[in-house]
Amino acid sequence: MMTESYTERQVKLCATHLMSRDDVIGVRFDGSTAIYPSWTADNGPDHLENVIRASITGQYIEVVIDTPDPTGSGYLKIKRKGKIRALSYTLDEDNLVNHVCWDFDGSGHADALADPRGAADAVCTKLKEMGLHPLIERSGGAMGYHVWLALETKVSAKEAKAFGESIVGALKPELLKLADSETDKLGSVEVFPKQATATRVGNGVFLPWWHGATEGGAQFIDGNGHALDLPTVQPCALPHAAPAPAPAERPTQHLSDWQQRLAEWRDDAVNGVDLHRVYGDALTGNEKGNGFLECRDFRSSTGDRNPSAGVYCERYGDHERGFFYSFRDGHGMDIFAYMVATGQAANFKDACIQIARMTSTEESCPFVNRQYAECEPQDTYFDGGEPTVMPPPRAALSVASEVMRYKPFDFDLVDGTLPEREMLLSLDIPGEPKVPFLPAGIQSMFTAPGGTYKTQLLTQLAVCVVLGEYWLRHIKVERPGKVLLILAEEDEIEAYRRILQILQGMFPWLFYADGSGHQEAREKQEILKENLRILALKGQRTPFVDDHGNPTPHFESLITQVAAEENWSLIVIDPLVQVGAGGTETDNHLATALVQIINRFTTLKPDNKTTVIVAHHVSQAASSGGAGQTAARGVTALTDGMRWVMNIERIRRRRQRGAVETPWDDPYMDGFYMLKHVKSNYTKRIENMVLHREKNGTLSLIPKSLQKEWNTFTSAWFESAEETTVPAPALAVPPQTASEPEFEQGSFDDV
């Protein structure tokens, strides 16, 4: 007879003793934080064992999962394939459980315990004293612990929950001390089951032996901390559950008439408010347990990592519906405080009035009813004190019902009253009409082969936008302001070297700090320090989207910082490939997702049109030029989503004819490139322009008049006899358009 494999015994142990139901199992794909229920009926009779086996071995598996319908009308069933981690939902469909689990969080979690192992051992000791047989497992991150207790027969979740909480209530307070805490606040231990009843699948616990665990994690251990290959499970009869400790009574409050009316109105109004109108896109769409929704934490520098907060969509314990709770700092705030903290309401009274209008309860709201219109409470409910308020990104607070509300056509808007389209850049050649070039508030792209100075070109643009000076000598900056320069292939020192070279080449007068120009130079230096932001990411993998097209914590952290500042004119990203997922250049879905996510930078604030320019490489076939809009490397979605595209192409030298050198072999002819305007949705495309790299490293445009002279010179050479040479014209570039006062040389103290 064939011996059952070690992995199969692990699968059997999990399925038999650590899962209360056999009709559904939780699935979390590697690299994601979302957990999806996957039902046996949709996948086949061996589904649970297959998922547990894949979680242990790390093999790829295709499963049918439930994902929330974007319209809010239930769930969609979709197929998805990848490596996964399995989760056991604690309650079965009859609200019964076959196990109890205690979760002790260690380092890396909010409210981590100072000694999670000590607390876990104390619970094990208590259970053993009662004649029970607990198992202790080191969690997936190897910093926390789970204590499992398998039951002989299923019991009600209410009884199991009360028993688990009574065991925690018997712990000594010192075992619940928080790590790195300067206060006397004590941490908590999660007990599963977390609910007495579950409306759908409830909460759950990750199963042991996960393939992606930290070394030593997701394993059962003995009392000495040594890993157990396969523990012996001894199911127990649950003793009579001791009653859970009664919550401390709150002091009786004597309410005035208007406060009583406010409390009555508040209950009705909060029960009926559409949470999406308040929390908008901050809600991730994932339901967590009984009446609990995942939510982004607007105060977190990491955006929606893990994600970092939750909102109650039903009343839960002492918390009312709509209550926001931060997993990051352990504090919460009611729906009114959230509106004030995120800038949706000026104060508590204003928030109440808005909620009353949302729920059509104006008549019973004390602040709308004239009798109580002048009443003004001092504050609203914060759990843990007044939070540090950081305004969230506007995109995270958009209200779906408002965004999707269409409007009738308004002819008055087109009858000569539409505002002019604003420009970031205009082509401004002396003696010729100014021509719109790059509109403000759009996403655009520069494509180029390697070694064509696209990073130099865009860094030069960043400096010019900050200072309000002409770019490439003949392109006027129409909207000077703050610039974020994201250089994904350079470190900070190299970025500073490049900027210093540009300043010395284009604006040498900034370094003349004495004489009559001292004040103007200093003012420009201050503008640079105030408005130029640099993010150098060389050697770091910081994609904006994950492999499923969702925004990553890297992006959410960045856009939160950007949204907190005002007056952005330009954001430069160089190169695009460094902020995309692994398959961005080959997968139109991922490419479209990346373009859409980058576009969020252009919609941070309605009154501030931020332009985004990304640099991208061309395909190998297009590296010789002439490919137009299709020159960009990768799938077409990368350029289709851009509103404006400019190509940089090399001007190729040609081979010698016989013993005579062509003009292309003249050293002076080196350093010339062609700018081709291949796409522009909102302006007329500009004719091809010649770009020249000067001796000081800066780039300049050769005006059209000199381009004609240059073209005539090259054509004339090939039309003439081989032994005849035509002298090259003096292609002197006009001086910098901005004022250049002559100062006595001094020092630039800040460089």
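To be clear, the structure that these remarks concern was listed above.
As the structure is a computational prediction, the values presented were derived from the model and not from experiment. (Residues numbered from 1 in each chain as written. Predicted model: local features only at pLDDT ≥ 70, side-chain atom pairs only at ≥ 80, totals over all residues. Heavy atoms only, no water.)

## Digging into the pairing of strand E26 (residues 644-650)
Look at any regular strand and the pattern is simple: side chains alternate between the two faces of the sheet.
So, step 1. The buried count for E26 comes to six of seven residues, which makes it a mostly enclosed element.
So, step 2. Of the strand pairs in this sheet, strand E20 (residues 443-448) and E26 are connected by four bridges, and their pairing is parallel. Looking across to E26, one finds that Met 445 is bridged to Val 645.
So, step 3. Relative to strand E27 (residues 672-680), E26 runs antiparallel, the two sharing seven bridges. Bridge pairing links Trp 644 to Ser 680 in E27. (Buried < 20%, exposed > 50% of the residue type's maximum accessible area, 1.4 Å probe, protein only. Helix = DSSP H or I, 4+ residues; strand = E, 2+ residues; numbered from the N terminus. Pairing = 2+ DSSP bridges.)

## Looking at the packing of aromatic side chains
So, step 1. Inspection of the entire model under this criterion finds 13 aromatic pairs.
So, step 2. Aromatic pair Tyr 279 and Tyr 338: ring centres 4.4 Å apart, planes at 40°, arrangement tilted. Taken together, the residues span a long stretch of sequence, with Tyr 279 in helix H7 (residues 276-279) and Tyr 338 in helix H8 (residues 335-341) at a distance of 59 residues.
So, step 3. What makes Tyr 279 buried here is its relative accessible area of 0%.
So, step 4. For Tyr 338, a relative accessible area of 1% gives the class buried.
So, step 5. Three or more aromatic residues joined by ring pairs form one cluster here, namely Phe 437, Phe 446, Trp 471 and Trp 644.
So, step 6. Here the basic side chain of Arg 28 rests over the ring of Trp 210, its NZ or CZ set 5.6 Å away from the ring centre. (Phe/Tyr/Trp six-rings, centres within 6.5 Å; stacked < 30°, edge-to-face > 60°. Lys NZ or Arg CZ within 6 Å of the ring centre and 35° of its normal.)

## Some words on helix H9 (residues 348-359)
So, step 1. Here H9 spans 16 Å end to end across twelve residues, near enough to the 16 Å set by a 1.5 Å rise per residue.
So, step 2. Where H9 is concerned, the buried positions are Phe 348, Lys 349, Ala 351, Cys 352, Ile 353, Ile 355, Ala 356 and Thr 359.
So, step 3. Phi turns positive, to about 55°, at Ser 360, one or two residues after H9. (Expected span 1.5 Å × (residues − 1).)

## Comments concerning unusual backbone geometry
Negative phi is the rule for most residues except glycine; trans is the rule for most peptide bonds.
So, step 1. Here the bond from Phe 192 into Pro 193 is cis, since omega is 20°, no more than 30 degrees from zero.
So, step 2. Mapped onto the elements of the fold, Pro 193 is located in the loop between strand E9 (190-192) and strand E10 (204-206).
So, step 3. Cis rather than trans, the peptide bond between Asp 574 and Pro 575 has omega equal to -5°.
So, step 4. Within the secondary structure, Pro 575 is located in the loop between strand E24 (568-574) and helix H16 (588-598).

## Considering helix H15 (residues 553-563)
So, step 1. For H15, the tally of buried residues reaches eight of eleven residues, placing the bulk of the element in the interior.
So, step 2. Every buried residue of H15 is listed here: Phe 555, Glu 556, Ser 557, Leu 558, Ile 559, Thr 560, Val 562 and Ala 563.
So, step 3. Buried residues belonging to H15 abut strand E22 (482-487), strand E23 (532-536), E24 and H16. (Contact = heavy atoms within 4.5 Å.)

## Remarks on the sheet that holds strand E11 (residues 219-221)
So, step 1. Pairing is antiparallel in the open sheet, where five strands are placed in the order E9-E6-E8-E7-E11. Strands with a single pairing partner mark the edges of an open sheet, and in this sheet they are E9 and E11. Sheet twist, expressed as the average angle between the axes of neighbouring strands with direction ignored, equals 30°.
So, step 2. Strands strand E6 (96-104), strand E7 (135-138), strand E8 (145-156) and E11 of the sheet are contacted by helix H4 (residues 116-129), whose axis makes an angle of about 30° with E8. (Axes fitted to C-alpha atoms, helices over the stretch in contact; angles between N-to-C directions.)

## Remarks on the sheet that holds E20
So, step 1. With mixed pairing, nine strands are arranged side by side in an open sheet as E23-E22-E24-E25-E20-E26-E27-E28-E29. On the outer flanks of this sheet lie E23 and strand E29 (699-702), each paired with one strand and no other. For this sheet, the mean inter-axis angle between neighbouring strands, taken without regard to orientation, is 20°.
So, step 2. Inspection of the sheet shows E27 paired to strand E28 (residues 689-693) by four bridges, in the antiparallel sense.

## Here we look at the nonpolar core
So, step 1. Counting 51 residues, the largest nonpolar core has Phe 446 and Trp 471 as the members making the most contacts within it.
So, step 2. Here this core gets nine residues from one element, more than from any other, and that element is helix H12 (residues 454-467).
So, step 3. Listed in part, the 34 residues of the second largest apolar core include Phe 544, Ile 573, Ile 597 and Met 642. (Core = buried A, V, L, I, M, F, W, Y, C linked by side-chain atoms within 4.5 Å.)

## Describing a negative patch on the surface
So, step 1. Among the surface-exposed residues, Asp 22, Asp 46, Glu 49, Glu 93 and Asp 94 lie close enough to one another that they form a single negatively charged patch.
So, step 2. Along the polypeptide, Asp 94 turns up in the loop between strand E5 (84-89) and E6. (Patch = residues over 30% accessible without salt bridge, like charges linked within 9 Å, V, L, I, M, F, W, Y side chains within 5 Å. Areas by Shrake-Rupley, 256 points an atom, 1.4 Å probe, with all protein chains shown as cover. Salt bridge = Lys/Arg side-chain N within 4 Å of Asp/Glu carboxyl O. Lys, Arg positive; Asp, Glu negative; His and termini not counted. Charge placed at Lys NZ, Arg CZ, Asp CG, Glu CD.)

## Details of the pattern of salt bridges
So, step 1. Scanning the model with the defined rule gives 21 salt bridges in all.
So, step 2. Ionic pairing is found between Asp 334 and Arg 266, a salt bridge with its closest N-O pair at 2.4 Å. Placement of the pair is Asp 334 in the loop between strand E16 (332-333) and H8 and Arg 266 in helix H6 (residues 257-272), with a sequence separation of 68 residues.
So, step 3. The class of Arg 266 is buried, set by a relative accessible area of 18%.
So, step 4. The partner of Glu 490 in a salt bridge is Arg 498, and the shortest N-O contact between them spans 2.5 Å.
So, step 5. With a relative accessible area of 11%, Glu 490 lands in the buried category.
So, step 6. Given the relative accessible area of 18%, Arg 498 is considered buried.
So, step 7. In this structure, a network of salt bridges that share partners links the residues Asp 42, Asp 66, Lys 77 and Arg 200.

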